[in-house]
Amino acid sequence: MMKILTTLIVTGFLLTAQSASASPAVEALLKVYSDAGAGPFSAEAGQRMWTEKHNHAEAPLERSCSTCHTSNLADSGKHAKTQKVIKPMAPVVNAKRLTDTKEIEKWFMRNCKWTFGRECSAQEKGDFLLYIQK
Amino acid sequence: MKTYQKILGVVAITASTTGLLYSATVYGDDDDHEGGFGWFKQSKLDVAPVENAVYRAECGSCHFAYQPGLLPEKSWRKMMTGLEDHFGDNAELSPEVNKNILDYLVANSADKSDYKRSKKIAGSLKQDEVPLRISDTVYFKRKHNEIPARYVADNKDVGSYSKCAACHTRAEQGSYNEHEVKIPGVGRWED
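**Student:** Can you help me understand the overall build of chain B in this one?
**Tutor:** Scanning chain B from terminus to terminus reveals eight helices and two strands. For chain B, the N- to C-terminal ordering of α and β elements is α-α-α-α-α-α-α-α-β-β. Residue pairs at least 24 apart in sequence account for 57% of intrachain contacts in chain B once pairs closer than 6 positions are excluded. Roughly 11,000 Å² of accessible area belongs to chain B as shown, and the carbon and sulfur atoms make up 57% of that amount.

Spelled out as structure tokens, the structure:
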């Protein structure tokens, strides 16, 4: 009984903590992903995937999120081909990030295909959102 | 002569000189030498500057926002139907945004524009030619054929002809005047 109670309290605390820092756009998307059967989401999993390398037949042969965005979310990145500067991903240094659900989904679509060679699952997207918003 | 007349005279001379210099700077064409006072008749810049916020945001977030007047309508139509493989990148857009941007590109494409270089680019293409790269057009090649590889492809600060603004200091404004060219690590380019 005590165990269940503790779990409930901890879960409740985690959920509150999560939504306290989440933007309305992130909250809305996490709900969509949960409704699709995904979750619970993990920032650690998102971070792990961020630097995971994927092989491709065309250059760059090894791709990860960090190829363009670097492995520090607070840093500016660079487009692999055009070298155009990409502003930091972390909302704490770039307030425009994670504020628009359409924008977020658009970039998931494009960048998951470029990096993984396929679309990301609801689980992966949720994990990424938690990692990026930290 | 009264003082105010003198001042007026100086002002008039300065103004007309400045005007002439301005015309020559803005409209003077690089090496076309089309005879006469070509620059004097020119009323439009090289290509129309980008004025569509959606286009600038969607396309300009990954690369230089090429002016629509740099390619003909047929090129833009082909480009916008193949965004899932956009020079090796996925640049997919929602159907609504895609249409919005395509409409803008088509309305301002090289063959619909009366800007100087747009007309030349459109005029340099064969009927069945549908270039997806501006650097594949005959006009572009002719304008860049004297530039050695070490200035562009082998120049770490340039790397490719796709980066217009790396050398054309006023490319953003739609100006590709030769006198405004500054090649990183090399300096001004005059032929």
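**Student:** Could you clarify how one ought to interpret the environment of histidine 79 of chain A in this entry?
**Tutor:** Tracing the chain through its elements places histidine 79 of chain A in the loop between strand E3 (77–78) and strand E4 (85–86). Sequence separation of histidine 79 of chain A and cysteine 68 of chain A is 11 residues, and the distance between their C-alpha atoms is 5.2 Å. Excluding its chain neighbours within four sequence positions, the residues that come into contact with histidine 79 of chain A are Cys68, Lys84 and Ile86 of chain A together with Cys62 and Asp89 of chain B.

**Student:** I'm lost on helix H5 (residues 95–107) of chain B in this one. Help?
**Tutor:** Along an α-helix, residues three or four apart share an orientation, since each turn contains 3.6 residues. All names here are of chain B. Compared with an ideal rise of 1.5 Å per residue, which puts 13 residues at 18 Å, H5 spans 18 Å between its outermost C-alpha atoms and is within 8% of the ideal. Inspection of H5 places Asn98, Ile101, Leu102, Tyr104, Leu105 and Val106 among the buried residues, and these make up the whole buried set. Contact partners of the buried residues in H5: helix H3 (53–60) and helix H4 (73–80).

**Student:** Hey, could you run me through the state of the cysteines in this one?
**Tutor:** Each disulfide consists of a covalent bond between the sulfur atoms of two cysteine residues. The final tally for this structure, using the stated rule, is one disulfide over all chains. The disulfide partner of cysteine 112 of chain A is cysteine 120 of chain A, and the gap between their sulfur atoms is 2.0 Å. Residues cysteine 112 of chain A and cysteine 120 of chain A are joined by a disulfide whose S-S torsion is about -100°; by sign, that bridge is left-handed. The class of cysteine 112 of chain A is buried, set by a relative accessible area of 3%. The thiol of cysteine 59 of chain B is unpaired, and the distance to the nearest cysteine sulfur, on cysteine 62 of chain B, comes to 8.9 Å. Considering cysteine sulfurs only, cysteine 68 of chain A is the nearest to cysteine 62 of chain B, which forms no disulfide, with 8.5 Å between them.

**Student:** Looking at this structure, I do not really get the confidence of the model for chain A. What am I missing?
**Tutor:** Do not read the fine detail of predicted coordinates wherever pLDDT is low. On average, residues of chain A carry a pLDDT of 89, and 84% of them reach 70 or more. Counting interchain partners and residues more than four positions distant, the pLDDT-below-50 stretch residues 10–20 of chain A has four contacts.

**Student:** Just checking my understanding: could you explain the side chain of histidine 144 of chain B for this structure?
**Tutor:** All names here are of chain B. Tracing the backbone through its elements, the reader meets histidine 144 in helix H7 (residues 138–144). Residue histidine 144 is classed as buried on the basis of its relative accessible area, which comes to 16%. Contacts of histidine 144, omitting those with residues within four sequence positions, involve Tyr161 and His168.

**Student:** Would you mind showing me how to read the confidence of the model for chain B here?
**Tutor:** Residues and elements named next belong to chain B. Of all residues in chain B, 77% attain a pLDDT of 70 or more, and the chain-wide mean is 84. Here helix H1 (residues 3–27) is the element of chain B with the lowest mean pLDDT, 48, and H4 is the one with the highest, 98. Low pLDDT, under 50, characterises residues 14–39; the predicted model gives this stretch 32 contacts beyond four residues in sequence or across chains.

**Student:** Looking at this model, I keep getting lost on the interface of chain A and chain B. Mind explaining?
**Tutor:** Think of interface size as the accessible area that goes away when the parts come together; that is how it is often given. With 12 residues of chain A at the interface, the matching set in chain B holds 14 residues. Summed over both partners, the interface of chain A with chain B comes to about 1,200 Å²; 41% of that surface belongs to carbon and sulfur atoms. Along the contact surface separating chain A from chain B lie three salt bridges. In this structure, lysine 113 of chain A and glutamate 92 of chain B form a salt bridge, with 2.8 Å as the shortest nitrogen-oxygen distance. Linking chain A to chain B there are 10 residue pairs in polar contact (both at pLDDT 80 or more).

**Student:** What is the right way to read the packing of helix H3 (residues 43–51) of chain A against helix H6 (residues 122–133) of chain A from this model?
**Tutor:** Residues and elements named next belong to chain A. Running from N to C, H3 and H6 point in directions that differ by 95°, and their axes come no closer than 7 Å. Taken together, the axes of H3 and H6 are roughly perpendicular relative to one another. Taking contact as the criterion, the partners of Ala43, Ala45, Gly46, Gln47, Met49 and Trp50 in H3 are, on H6, Glu124, Asp127, Phe128, Leu130, Tyr131 and Ile132. Residue composition of the contact of H3 with H6, by class: eight nonpolar, two polar and two charged.

About the thresholds
Residues numbered from 1 in each chain as written. Chains lettered and ligands numbered in written order. Predicted model: local features only at pLDDT ≥ 70, side-chain atom pairs only at ≥ 80, totals over all residues. Heavy atoms only, no water. Helix = DSSP H or I, 4+ residues; strand = E, 2+ residues; numbered from the N terminus. Contact = heavy atoms within 4.5 Å. Areas by Shrake-Rupley, 256 points an atom, 1.4 Å probe, with all protein chains shown as cover. Expected span 1.5 Å × (residues − 1). Buried < 20%, exposed > 50% of the residue type's maximum accessible area, 1.4 Å probe, protein only. Disulfide = S-S within 2.5 Å. pLDDT = per-residue confidence, 0-100. Buried area = accessible area lost by both parts, 1.4 Å probe. Salt bridge = Lys/Arg side-chain N within 4 Å of Asp/Glu carboxyl O. Polar contact = N/O pair within 3.5 Å; in protein donor to acceptor, adjacent residues only side chain to side chain. Axes fitted to C-alpha atoms, helices over the stretch in contact; angles between N-to-C directions. Parallel < 35°, antiparallel > 145°, perpendicular 65-115°, else oblique. Nonpolar A, V, L, I, M, F, W, Y, C, P; charged D, E, K, R; others polar.

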